[in-house]
Amino acid sequence: MATSPWIITTVLVAVYVPLVRPGPIPTEVYMKMRNDLIYKDENTRIGAHLSLSLDEKLANEIFMKEKRAMIDESRDTPSLFLPTASFYRSKQYIQQTKLYKLIQKMPKGAALHIHDQSMVSLDWIVKNATYRDNVYMCVANQSLFFRVFNATSINSACEWKSVKSQRAASQDVAEFDASIRKNLSMISSDPFQAFEDNQEAWVRFIGFFRQVFGLLTYAPLYRDMILQTLEEFYQENVQYLEIRGDPSGLYELDGTVHNAEYGVNLIKAAVTEFKNKHPDFNGVKWIISGISGVKWIISGIRNKPVDVILEQIKTTMYLHQKYPEFVIGYDLAGNEGFFHPFVYYIEALLYPSRQNPPYKLPYFFHAGETNWQGTLTDRNLIDAILLNTTRIGHGYAIGKHPRLMEIVKERDIAIEVQPISNQVLRLVSDFRNHPMAALIANNMPIVISSDDVTTLDSGPLSFDFFITFMTMSSEDANLTLLKQLAINSITYSQMNYVEKLEAIGFWESNWAKFIKEVISA
């Protein structure tokens, strides 16, 4: 018996979709194959396999109505789709949207990639830190630099002036403060116009840390910065932090300089103080896990000599052994394209594994924060994986390395994605073209964080979640994406098993309350 040609074609199409050949295929058959393929493709993304409760489905309708309205508006008018524009232009627009306000209230789990000297709001630095006694400023190359001095100890080529006296002498205090803010912020002008490329943006970015280093390493201010950071993340419903930084070098007004262990204990004391200030800290908005919802990754800078990095790794090993519930590992940060690659430090980085017995020091490496391919910078990804990194910071270039992506997925190595940071540093212009969009679509292990809140002038986590939801995912990607990203942040944290159980239970409770608030508003 002869077989119908269209039945044969249909079977071939169902198995080998690209092999469609001319033939009398009924429209309904073709449309079914098309819809099946769309369904299968959409169901590979992060969160696609989550089931929503009835209440969550109602909340999802609200989220998706807002998302589609913004997308449809950009289609119906010739105006730019603002969520993909320069953050300099889009920030004010985003803040006014209903969707952003919903995401602000959403329990977002954890922030796993933030840096200690750039994690507090820029407004706090301007309106609080620079108002302290003994804070001085000087101008060099049109940039403001700050430091805390005992007035009798100033001995510098730079002409240091008391900020308090300069502010009092100004004709307009508001304008004086605005000028400080503008001088410190990377987005005081449009980065797309201010910086020609990633390298220029990095020069400005590094400049910020030089401007505030002398201010934020003053021990009393550093402690207060920790407290304020916790408050700001607390207000945005982030329940747990893993912070990168070097806790050594904090100084006092009398010139005393403290070691890393002093810094660790100062941070721990500040977190305990925050807990005592908020009676609901344990039951409403924050999970008390380890040292009260905070753990620390000691971070070096990849422009230091090898012996300096080796000593820092040895210090990290000591602190990790003494304070295992708080000091969780080591990272090397800094401009990958301009500073040294990991292979330059390979003897230092292999030091823990060469001990007898080998010491298992967790690494949390910045790697692949580059547009280049096949360079020493790009190959930091290879070294990060060979050195058994626990997570990869940024991982921007990993999409160019199929085998590395396979390893990351096989080993469940989470990639820490910071969308706004990537754009302001001129790695990507349109978020829709962010390489992590493909990884989100392929259900890779991804967490969203905010990187450098102060210099990016971005905020704890809501802007990055908004950008991910609106521009780095399918138009049909819904509340399940946001829900899974929040869960991922707890899953890939360095909380222990019991802590994670507590954390996810706490998050689920707050998530349920949030959903009720959304649908009852």
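Treat the numbers as computed from the prediction; the structure is a model and nothing was measured.

**Considerations on the overall build of the protein chain**
Right, on to step 1. Counting its regular elements, the protein chain contains 22 helices and eleven strands.
Right, on to step 2. Over its C-alpha trace the protein chain gives a radius of gyration of 25 Å, about what one expects of a compact globule, namely 24 Å for 521 residues.
Right, on to step 3. Considered along the principal axes of its C-alpha atoms, the protein chain spans approximately 105 × 60 × 50 Å.
Right, on to step 4. When each of the 521 residues of the protein chain is scored for burial, the buried share is 55%.

**As for the side chain of Ser489**
Right, on to step 1. Locating Ser489 in the fold gives a position in helix 21 (residues 479-491).
Right, on to step 2. Classification of Ser489 as buried rests on a relative accessible area of 1%.
Right, on to step 3. Among the polar contacts listed, one links the side chain of Ser489 to the backbone nitrogen of Ala110, at a separation of 2.8 Å.

**What to know about the pattern of salt bridges**
Right, on to step 1. Applying the stated rule across the entire model yields 28 salt bridges.
Right, on to step 2. With a closest N to O distance of 3.4 Å, Arg403 and Glu410 form a salt bridge.
Right, on to step 3. Each of Glu242, Arg244, Asp331, Arg391 and Glu416 takes part in a single network of salt bridges with overlapping partners.

**Details of unusual backbone geometry**
Right, on to step 1. In this structure, the amide linkage connecting Asn356 to the following residue, Pro357, adopts the cis form with an omega of 5°.
Right, on to step 2. Position of Pro357 relative to the elements: it lies in the loop between helix 14 (346-350) and strand 8 (363-367).
Right, on to step 3. Although it is not a glycine, Asp412 sits at a positive phi angle of roughly 60°.
Right, on to step 4. Unusually for a residue other than glycine, Asp457 sits at a positive phi of about 55°.
Right, on to step 5. Among the secondary structure elements, Asp457 is positioned in the loop between helix 19 (453-456) and helix 20 (462-471).

**Some words on helix 10 (residues 198-216)**
Right, on to step 1. For helix 10, with 19 residues, the first-to-last C-alpha span of 26 Å sits near the 27 Å given by 1.5 Å per residue.
Right, on to step 2. The distance from a side-chain oxygen at the start of helix 10 to the backbone nitrogen of Gln199 is 3.2 Å, and the residue carrying that oxygen is Asp197.

**Brief notes about the side chain of Ser185**
Right, on to step 1. Assignment of secondary structure puts Ser185 in the loop between helix 8 (173-184) and helix 9 (191-194).
Right, on to step 2. Overall, Ser185 belongs to the buried group, its relative accessible area being 4%.
Right, on to step 3. Setting aside its immediate chain neighbours within four residues, Ser185 contacts Leu122, Arg204, Thr455 and Asp457.

**Things to note about the sheet that holds strand 3 (residues 143-148)**
Right, on to step 1. Strand order in the open sheet made by the three strands is 3-2-4, with antiparallel pairing throughout. Edge positions in the sheet fall to strand 3 and strand 4 (161-162), since each of these pairs with one other strand and no more.
Right, on to step 2. Taken together, the two bridges between strand 2 (residues 135-140) and strand 4 define a ladder with antiparallel strand orientation. By the bridge assignment, Tyr136 is partnered in strand 4 with Ser162.
Right, on to step 3. The strands touched by helix 10 within the sheet are strand 2 and strand 3, with strand 3 carrying the most contacts at an inclination of about 15°.

**Section: the state of the cysteines**
Right, on to step 1. Inspection of the entire model under this criterion finds one disulfide.
Right, on to step 2. Between the sulfur atoms of Cys138 and its disulfide mate Cys158 the distance is 2.1 Å. An S-S torsion of about 115° defines the bridge between Cys138 and Cys158 as right-handed. Residue Cys138 is found in strand 2, and its partner Cys158 is found in the loop between strand 3 and strand 4; the two are separated by 20 residues along the sequence.

**Quick notes on the environment of Gln92**
Right, on to step 1. When you line up the elements, Gln92 lands in helix 4 (residues 87-96).
Right, on to step 2. Put simply, Gln92 and Val308 are 216 residues apart on the chain and 43 Å apart in space, counted from C-alpha to C-alpha.

**Re the nonpolar core**
Proteins that are soluble and globular tend to have nonpolar side chains buried together.
Right, on to step 1. Counting residues in each nonpolar core, the largest one holds 142 residues, and the members touching the most others are Phe63 and Ile446.
Right, on to step 2. For this core, the element with the most residues is helix 11 (residues 219-235), which contributes nine residues.
Right, on to step 3. Sequence-distant contacts of Ile446, that is, excluding residues within four places in its chain, are made with Ile46, Ile415, Val417, Met436, Leu439, Ile440, Leu485 and Asn488.
Right, on to step 4. Cys138, Phe149, Cys158 and Trp160 belong to the second largest nonpolar core, which has five residues in total.

What counts, and at which threshold
Residues numbered from 1 in each chain as written. Predicted model: local features only at pLDDT ≥ 70, side-chain atom pairs only at ≥ 80, totals over all residues. Heavy atoms only, no water. Helix = DSSP H or I, 4+ residues; strand = E, 2+ residues; numbered from the N terminus. Rg over C-alpha atoms; globule rule 2.2 N^0.38 Å. Buried < 20%, exposed > 50% of the residue type's maximum accessible area, 1.4 Å probe, protein only. Polar contact = N/O pair within 3.5 Å; in protein donor to acceptor, adjacent residues only side chain to side chain. Salt bridge = Lys/Arg side-chain N within 4 Å of Asp/Glu carboxyl O. Expected span 1.5 Å × (residues − 1). Contact = heavy atoms within 4.5 Å. Pairing = 2+ DSSP bridges. Axes fitted to C-alpha atoms, helices over the stretch in contact; angles between N-to-C directions. Disulfide = S-S within 2.5 Å. Core = buried A, V, L, I, M, F, W, Y, C linked by side-chain atoms within 4.5 Å.

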